[in-house]
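Residue-level structural notes
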Amino acid sequence: MNSSKLNVGNKLSTKPSSQVSKNVGAQSSRTRGTTSTAEHGVEKVKVILKIKGQPIDVTPHSLLPSEPPPKVDVAGDGQRAESASPEIGEGVDEAYQKAVDAAKGYVGLSHAELDRVIDITLSESETCEVFHVPSLCVPLDNTVVHNAIMGRNKQYEDLVQSKSESDNFRGQHAQTLNNPQKVKAVHHPPAATENREVNASQWDIYDTFAEDEVPRWEEIEKACEKESTVVADQCLKKPGCLLNVHDMAVPAAAKPKQKSTKDSKLNKSGKSALAAGTTSDSIKGDRPGKPSPAPAAAEAPEAEHVESEKRHMAWLVGAETVVPSELHDALRVMERIVSQNVFHTQHMIYRNYPTLEELAALEAKFMDDAGPDKGEGAGVVEGDEDVLPEEAEEGAEQDNVDEEPDLQDLFCFENEELTAGLAVTCAEWNRVNQDLLAVSYGDTSAVPTNKEGLVLFWSLKNPTYPERVLRMPSGVTSIHFSSVHPNLISAGMHDGNMGIWDLRKDTDQPVLESGHSKSDHNDRKHTDVVWETRWVDRGAEKVPREFNVTVSSDGRVLRWNMKKGLEQQTLMQLKRLPNPNLASNSVYGHKDGIVFRQACGLCVDFPRHDSVTYIVGSEDGLVHRCSTSYNEQYLETYYGHAGPVYKVRCNPFYSKFFLSCSADWTIKLWSMTQVDPTKGCDTPLQNFQSTDLCDAVNDVTWSPHNSTSFAACMDDGRVELWDLSKKPLDPIVVHYPGDPDVRRKRTVVRFSENSPVLICGDDRGSVNVMRMHNTDIEMMSENEQQERLYDIMTKKR
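Predicted model, so just to flag it, every value in this text is computed and none were measured.

This part takes up the overall build of the protein chain. Looking only at helices and strands, the protein chain features 17 helices and 32 strands. Buried positions account for 31% of the 797 residues belonging to the protein chain. Summarising the internal contacts of the protein chain: among those between residues at least 6 apart in sequence, 51% fall at separations of at least 24. Total accessible area computed for the protein chain in this model is approximately 54,200 Å², and 53% of it derives from carbon and sulfur atoms.

This paragraph deals with the sheet that holds strand β8 (residues 453–458). Hydrogen bonding along the main chain pairs the strands of a sheet, whether they run parallel or antiparallel. Pairing is antiparallel across the open sheet formed by four strands, whose spatial order is β6-β7-β8-β9. Edge strands, defined here as strands with exactly one partner in the open sheet, are β6 (423–429) and β9 (468–472). Across the sheet, the axes of successive neighbouring strands diverge by a mean angle of 20°, strand direction being ignored. Where β6 and strand β7 (residues 437–442) come together, six bridges link them in antiparallel fashion. Residue pairing in the sheet places Trp429 in a bridge with Leu437 of β7.

All told, the structure shown has 23 salt bridges when counted by the stated rule. For Asp692, the salt bridge is made with Arg718, and the minimal N-O distance between the two is 3.1 Å. With Asp692 in the loop between β25 (686–688) and β26 (697–702) and Arg718 in the loop between β27 (709–714) and β28 (719–723), the pair connects residues that are 26 residues apart, well separated along the chain. Where Asp715 meets Lys745, a salt bridge forms, and the shortest distance between an N and an O atom there is 4.0 Å. Separated by 30 residues along the polypeptide, Asp715 in the loop between β27 and β28 and Lys745 in the loop between β29 (733–735) and β30 (746–751) bring together distant segments of the chain. Accessibility expressed as a relative area gives 25% for Asp715, which makes it partly exposed. The partly exposed category is assigned to Lys745, whose relative accessible area is 35%. Several salt bridges share partner residues, and in doing so they unite Glu428, Glu532, Arg534, Asp605, Arg649, Asp699 and Arg750 into one network.

Quick look at the confidence of the model for the protein chain now. When pLDDT is averaged along the protein chain, the result is 75, and 67% of the positions lie at 70 or above. Segment residues 71–89: pLDDT under 50, and twelve contacts once partners within four positions in sequence are set aside and those in other chains are kept. Overall, residues 248–298 carries pLDDT values under 50, and its contacts beyond four positions in sequence, including any with other chains, amount to 18 contacts.

Our next topic: the side chain of Arg750. Summarising the element assignment, Arg750 is placed in strand β30. By relative accessible area, which is 8% here, Arg750 ends up buried. A distance of 2.6 Å separates the side chain of Arg750 from the side chain of Asp699, its partner in a polar contact. Ignoring any residue separated from it by four or fewer positions in sequence, one finds Arg750 in contact with Cys426, Ala427, Glu428, Trp429, Arg649, Asp699, Thr701, Val757, Leu758 and Ile759.

Attention now goes to helix α17 (residues 782–794). Taking 1.5 Å of rise per residue, the 13 residues of α17 would be expected to cover 18 Å, and the 18 Å separating its terminal C-alpha atoms lies within 8% of that figure. Considered for burial, the residues of α17 that qualify are Gln785, Arg788, Leu789, Ile792 and Met793. Burial along α17 is one-sided: seen end-on, the buried residues are contained in an arc of 130°. Turned more than 90 degrees off the buried face of α17, the exposed positions are Asn783 and Glu787. Those residues of α17 that are buried lie in contact with β23 (657–662), β24 (667–671) and β25.

Moving on, we come to the sheet that holds strand β17 (residues 567–573). Read across the sheet, four strands follow the order β14-β15-β16-β17 without closing on themselves; strand pairing throughout is antiparallel. Pairing within the sheet leaves two strands with one partner each, and these edge strands are β14 (530–537) and β17. Across this sheet, the average inter-strand angle for adjacent strands is 25°, counted without regard to direction. Taken together, the seven bridges between β14 and strand β15 (residues 546–552) define a ladder with antiparallel strand orientation.

With that out of the way, let us pick up the packing of aromatic side chains. All chains considered together, the criterion is met by 16 aromatic pairs. An aromatic cluster of three or more residues is present, and its members are Phe343, Tyr350, Phe411, Phe413 and Trp458. We note Arg559 situated over the ring of Phe547; from NZ or CZ to the ring centre the distance is 4.1 Å. Sitting over the face of the ring of Tyr736, Arg743 holds its NZ or CZ atom 4.0 Å from the ring centroid.

Trans peptide bonds make up most of the peptide bonds, and negative phi angles are found at most residues other than glycine. Cis geometry marks the peptide bond from Val543 to Pro544; its omega dihedral reads -5°. For Asn352, which is not a glycine, the phi torsion comes out positive at approximately 65°.

On to the side chain of Thr637, then. For Thr637, the position within the fold is in strand β21 (residues 636–638). A distance of 3.2 Å separates the side chain of Thr637 from the side chain of His624, its partner in a polar contact. Ignoring anything within four residues of it in the chain, the contact list for Thr637 reads Leu577, Leu622, Val623, His624 and Asp682.

With respect to the helices, strands and loops of the structure, Ser629 is situated in the loop between β20 (623–627) and β21. Look at Ser629 and you get exposed, because its relative accessible area is 65%. The sequence separation of Ser629 and Leu571 amounts to 58 residues, and the corresponding C-alpha distance is 7.9 Å.

With that out of the way, let us pick up the pairing of strand β10 (residues 476–481). Most of β10 is tucked away: six of the six residues are buried. Here β10 pairs with strand β11 (residues 488–493) via five bridges, running antiparallel. Counted as the bridge partner of Val476 is Met493 from β11. Between β10 and β11, which pair antiparallel in sequence order, lie six residues.

What counts, and at which threshold
- Residues numbered from 1 in each chain as written.
- Predicted model: local features only at pLDDT ≥ 70, side-chain atom pairs only at ≥ 80, totals over all residues.
- Heavy atoms only, no water.
- Helix = DSSP H or I, 4+ residues; strand = E, 2+ residues; numbered from the N terminus.
- Buried < 20%, exposed > 50% of the residue type's maximum accessible area, 1.4 Å probe, protein only.
- Contact = heavy atoms within 4.5 Å.
- Areas by Shrake-Rupley, 256 points an atom, 1.4 Å probe, with all protein chains shown as cover.
- Pairing = 2+ DSSP bridges.
- Axes fitted to C-alpha atoms, helices over the stretch in contact; angles between N-to-C directions.
- Salt bridge = Lys/Arg side-chain N within 4 Å of Asp/Glu carboxyl O.
- pLDDT = per-residue confidence, 0-100.
- Polar contact = N/O pair within 3.5 Å; in protein donor to acceptor, adjacent residues only side chain to side chain.
- Expected span 1.5 Å × (residues − 1).
- Arc of directions from axis to C-beta.
- Phe/Tyr/Trp six-rings, centres within 6.5 Å; stacked < 30°, edge-to-face > 60°.
- Lys NZ or Arg CZ within 6 Å of the ring centre and 35° of its normal.

Right under this line is the structure:
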């Protein structure tokens, strides 16, 4: 057994055991000794150094796990080969190597093991794809694949090209931008500081603490008083102030005796200076003790007349003074409050609410029915059998009288200062704010003297003055609100122009006007009066969704688009056709040639759910059905009127039925499809005319709540209300609005959208509002309304 020793500071060497023991004994002062242990058949050397009397273990440790070394079978027959200890006489290098191997804890291979042949077989493992990118190149010889790839590339290029001008598309790369971190300690803004200096003496400090503390509410009150005083002074100095502070009578301080003398004289006479009509200058100019000169006898009656006028017209004081701009909104609110107080009862009836009188009558009736004498009264009636049938008949007749339809005048939209010499030409309710009524005005006389026109916007808030006024350079003949954009309103005028106004802008100038667009076709506009304009909704899926149509006496029906300014397109050039019912244009009348080849269009209307087909009424008494897709010929012509057709209106529930009114005193009902086999499509289904009517019918309109009801207005001043389900041959109500002794020409009639109200305009600029009583029907769906109208049309009489 050999052992090794590590000499500190010397070269590592290996010596026999005898020498080791000698060296250990000789050098015991430096190294106390070494120990050798054998684990698992392997010798290990433990080296201990002693420095300054303290032993330190410096034995090198193996990095391999402390497990027994494998036992090698050298012979190959299962016998173990024992490792023999090397002889002392062998070389120093081999002993050193084995010592190192023993210290590391493993035994190296022998020469026999190194010469042994070992077979190592290498095989390929399974391939695992971590990332795969297909090739973007295809061979040119494969035409099918090549053409498919080229087609896809072409589609993508076309898509990119089509999106190049889109606002929501941009063909460029993007990279996330990381903003730099903000250091609060560095970038934080500094706090606002202010330097003030105050000198306070010892007495000031003592007085401050000695005074009583002022409450907070008193400080606020004083600050408010001070601020209100400043604001009042500023308002009084403005030129539109209603209080004249410069002419106040202030007596002079240098003449106290004169002041007392004058006051005593005034007190004796019992009149003040202001009551006598004198001013402060006259008071100062009078001498004490001297009476003022008496007025001349000729001036006395005139002065009394002026004074009486001032007393009777005291409310006109300051009427000529300019109202400050700060008071405009406040005065408008006050005006509305006063107006609603005056028209409170009418507004309640307009809204279909019971008035206070009606509530009191209902309450009294209820108390009478529930009174304690009900049982006794029943016994009396039971004994008097002869009186009971008569009373029942009288009560039934009274109920029938009460349930008769009627029109009640509520109030009137009029302002003579604005509408002097102008007639009402058209009226339309706003689609969103259904209490806002737009009314157009113009001079419709044969020789117009007033060339200007107006569009007034009336509201229930103030029936005496409009909410807004639009002034036009020419008379306005027709207006119509947009259904898609309720803030837009179109208007046709006497000079052939057509304009569109945006009510959000506080100006009288239109946002679009005919003849002022930048299009190549901007020179086309109507050359005669534009009698009607209509907005047509094409549906939410159409672009543009809405367009405007106008008809004029020049015989053209134009379509206006707002894509680039106001561009026009001719939908139809109305051609004159012979009317057998009209003598001047009849084939049985004059044999001379026709002077004008074009017919004058007076009215136009589109069905509710059809933006392609439309109806046009002409001056020849004919009604034409046309299409926006074909402008060469009429789809159908309806014969029946013997005078100009002033209005055509399609039923809002069943668009195949439409009404027309004419100067021949009649109203006719038509159908676009054949309903009665005995009648053709070009003949009217029914004629409506009152027996005592001998004037033209100017306007007709369908009820928005009842498919069988419509209203009409005439030249003799009457307004007729019809209901085909009740009286198919006569009107249910004939009413003369306003003063029945004053007959005015009625020009326009309209139903209210949200109330049982009917309005009509006249030739003097007034719009009467009437409440309809006993005309309500039960709620029905649109299909039920259509069936109701169709049943009445097909019913045989």
